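# Architecture and fold: a report
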Amino acid sequence: MTEPIRVLVADDQSLLRGSFRVLVDTAPGLTTVGEAGTGAEAVESTRRLRPDVVLMDIRMPGMDGIAATRHIAGSPETAGTRILILTTFDLDEYVYGALRAGAAGFLLKDTSPEVLLEGIRTVAAGESLLAPSVTRRLIAEFARMPPAHHARGPVLDGLTEREREVLVLVARGLSNADIAAYLLISGGTVKTYIGRLLGKLGARDRAQLVISAYESGLVSAGHAVAEVDDS
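All of these numbers come straight from a predicted model, not from anything done at the bench.

## Re the overall build of the chain
- Secondary structure assignment for the chain yields 11 helices and five strands.
- Long-range contacts, defined as pairs at least 24 residues apart, comprise 67% of the intrachain contacts of the chain with a sequence gap of at least 6.
- With an accessible surface of roughly 10,800 Å², the chain has 54% of that area assigned to carbon and sulfur atoms.

Right, here's the structure in full:
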């Protein structure tokens, strides 16, 4: 039998933690291994319990969810744990920081139980919970940022022309299937390119590929938003 996906719930509201715990524990193939009420507790509990996934609230007392995500994702000891951010607002000012810190994706707290459970399974499988529609909102966030907020990104000199092309399409919010159709290549080939990009850019997942494309200056936020919205 396959081992269940082990989940840590981190939220400063005990009622929400209990609700999430009941939801997870009643779902097939999932189980909670602990709770945390602060970011510091989330970091300590992750080190001690080694969950597969952390459901991470952003706004918590003391160390917030972004700082806790950075600690967990940045430590070799806990880097294998995937972090799913839960936020009250859709792509508020905190979400970009959370994705940059190493979160695998984010969901709204008022999302349906089915979507939340599927999100846990998605990030546990090593994928990024960043659908094309979410990527477009992330692109819009870059468009709103002053140029001074665009940090110097990773060096792209090691990428081939085709890899750069795939990275641009990822940053525009296209799915693997869309990229395959656009470039007239197979879905498997797209996955291969995505894997190479992750390795060369030191990115954890698709979310960080999008961020890398913009921070490196490979893609212009305003131009990309227009292209996506017109499609």
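## Examining the sheet that holds strand E4 (residues 82–87)
- Spatially, five strands are ordered E2-E1-E3-E4-E5 in an open sheet, and the strand pairing comes out parallel. At either margin of the open sheet sits one strand with a lone partner, and together these are strand E2 (30–36) and strand E5 (105–108). On average, each strand axis in the sheet is inclined to that of its neighbour by 25°, with strand direction left out of account.
- Across six bridges, the pairing between strand E1 (residues 5–10) and E2 is parallel. Residue pairing for E2: alanine 10 is matched across the bridge by alanine 36.

## Some details on helix H3 (residues 65–74)
- Burial in H3 covers these residues: Gly65, Ile66, Ala68, Thr69, Ile72 and Ala73. Considered in projection along H3, the buried side chains sweep an arc of 160° and stay on one side of the axis.
- Measuring from the backbone nitrogen of isoleucine 66 back to the side-chain oxygen at the start of H3 gives 3.2 Å, which picks out aspartate 64 as the cap.

## Side note on helix H5 (residues 113–124)
- If you check H5, its first and last C-alpha atoms are 17 Å apart, about what 12 residues at 1.5 Å a residue would give, namely 16 Å.
- Burial in H5 covers these residues: Leu116, Leu117, Gly119, Ile120, Thr122 and Val123.
- Immediately beyond the C-terminal end of H5, within one or two residues, lies glycine 126, with a positive phi of roughly 90°.

## Points about the packing of helix H9 (residues 187–201) against helix H10 (residues 206–215)
- Put simply, H9 and H10 touch, their axes get as near as 10 Å, and they point 65° apart. By the angle class used here, H9 and H10 are roughly perpendicular. With respect to the hand of their crossing, H9 and H10 are arranged in left-handed fashion. Counting all contacts with H9, which are made through Ile194, Leu197, Leu198 and Leu201, the residues of H10 involved are Arg206, Leu209 and Ser212.
- Among the residues making up the contact of H9 with H10, the classes are represented as five nonpolar, one polar and one charged.

## So, the pattern of salt bridges
- Tallied over the entire structure, the rule returns nine salt bridges.
- As a salt-bridge pair, aspartate 25 and arginine 21 come within 3.8 Å of each other at their nearest N and O atoms. Of this pair, aspartate 25 and arginine 21 both sit in helix H1 (residues 14–25), four residues apart, which is roughly one turn of the helix.
- When its relative accessible area of 39% is taken as the criterion, aspartate 25 is described as partly exposed.
- We classify arginine 21 as partly exposed; its relative accessible area is 27%.
- A salt bridge links glutamate 35 to arginine 21, with the nearest nitrogen and oxygen atoms 3.3 Å apart. Here the residue glutamate 35 occupies a position in strand E2, and arginine 21 occupies one in helix H1, the gap between them amounting to 14 residues.

## Thoughts on the environment of leucine 107
- Counting through the fold element by element, leucine 107 comes out in strand E5.
- Classification of leucine 107 by relative accessible area gives buried; the value is 11%.
- Between the alpha carbons of leucine 107 and threonine 87 there is a distance of 6.4 Å; along the sequence they are 20 residues apart.

## A look at the confidence of the model for the chain
- Summarising the model, the chain shows a mean pLDDT of 82, and 79% of its residues fall at 70 or more.
- Long-range and interchain partners of residues 148–153, a stretch whose pLDDT sits below 50, account for seven contacts in this model, where long-range means more than four residues apart.
- A low-confidence stretch, residues 223–231 stays under pLDDT 50, and its non-local contacts, those more than four residues away or across chains, total 11 contacts.

## Some thoughts on the packing of helix H7 (residues 161–171) against H9
- One can describe the packing of H7 onto H9 by two numbers: an axis separation of 10 Å at closest approach and a directional angle of 95°. Relative to H9, the element H7 is oriented roughly perpendicular. Listed contacts from H9 to Arg162, Glu163, Val166, Leu167 and Val170 of H7 are Tyr193, Ile194, Arg196, Leu197, Lys200 and Leu201.
- Counted by class, the contact of H7 with H9 contains seven nonpolar, no polar and four charged residues.

What counts, and where the lines are drawn
- Residues numbered from 1 in each chain as written.
- Predicted model: local features only at pLDDT ≥ 70, side-chain atom pairs only at ≥ 80, totals over all residues.
- Heavy atoms only, no water.
- Helix = DSSP H or I, 4+ residues; strand = E, 2+ residues; numbered from the N terminus.
- Contact = heavy atoms within 4.5 Å.
- Areas by Shrake-Rupley, 256 points an atom, 1.4 Å probe, with all protein chains shown as cover.
- Pairing = 2+ DSSP bridges.
- Axes fitted to C-alpha atoms, helices over the stretch in contact; angles between N-to-C directions.
- Buried < 20%, exposed > 50% of the residue type's maximum accessible area, 1.4 Å probe, protein only.
- Arc of directions from axis to C-beta.
- Polar contact = N/O pair within 3.5 Å; in protein donor to acceptor, adjacent residues only side chain to side chain.
- Expected span 1.5 Å × (residues − 1).
- Parallel < 35°, antiparallel > 145°, perpendicular 65-115°, else oblique.
- Left-handed = near helix turned anticlockwise from the far one by under 90°.
- Nonpolar A, V, L, I, M, F, W, Y, C, P; charged D, E, K, R; others polar.
- Salt bridge = Lys/Arg side-chain N within 4 Å of Asp/Glu carboxyl O.
- pLDDT = per-residue confidence, 0-100.

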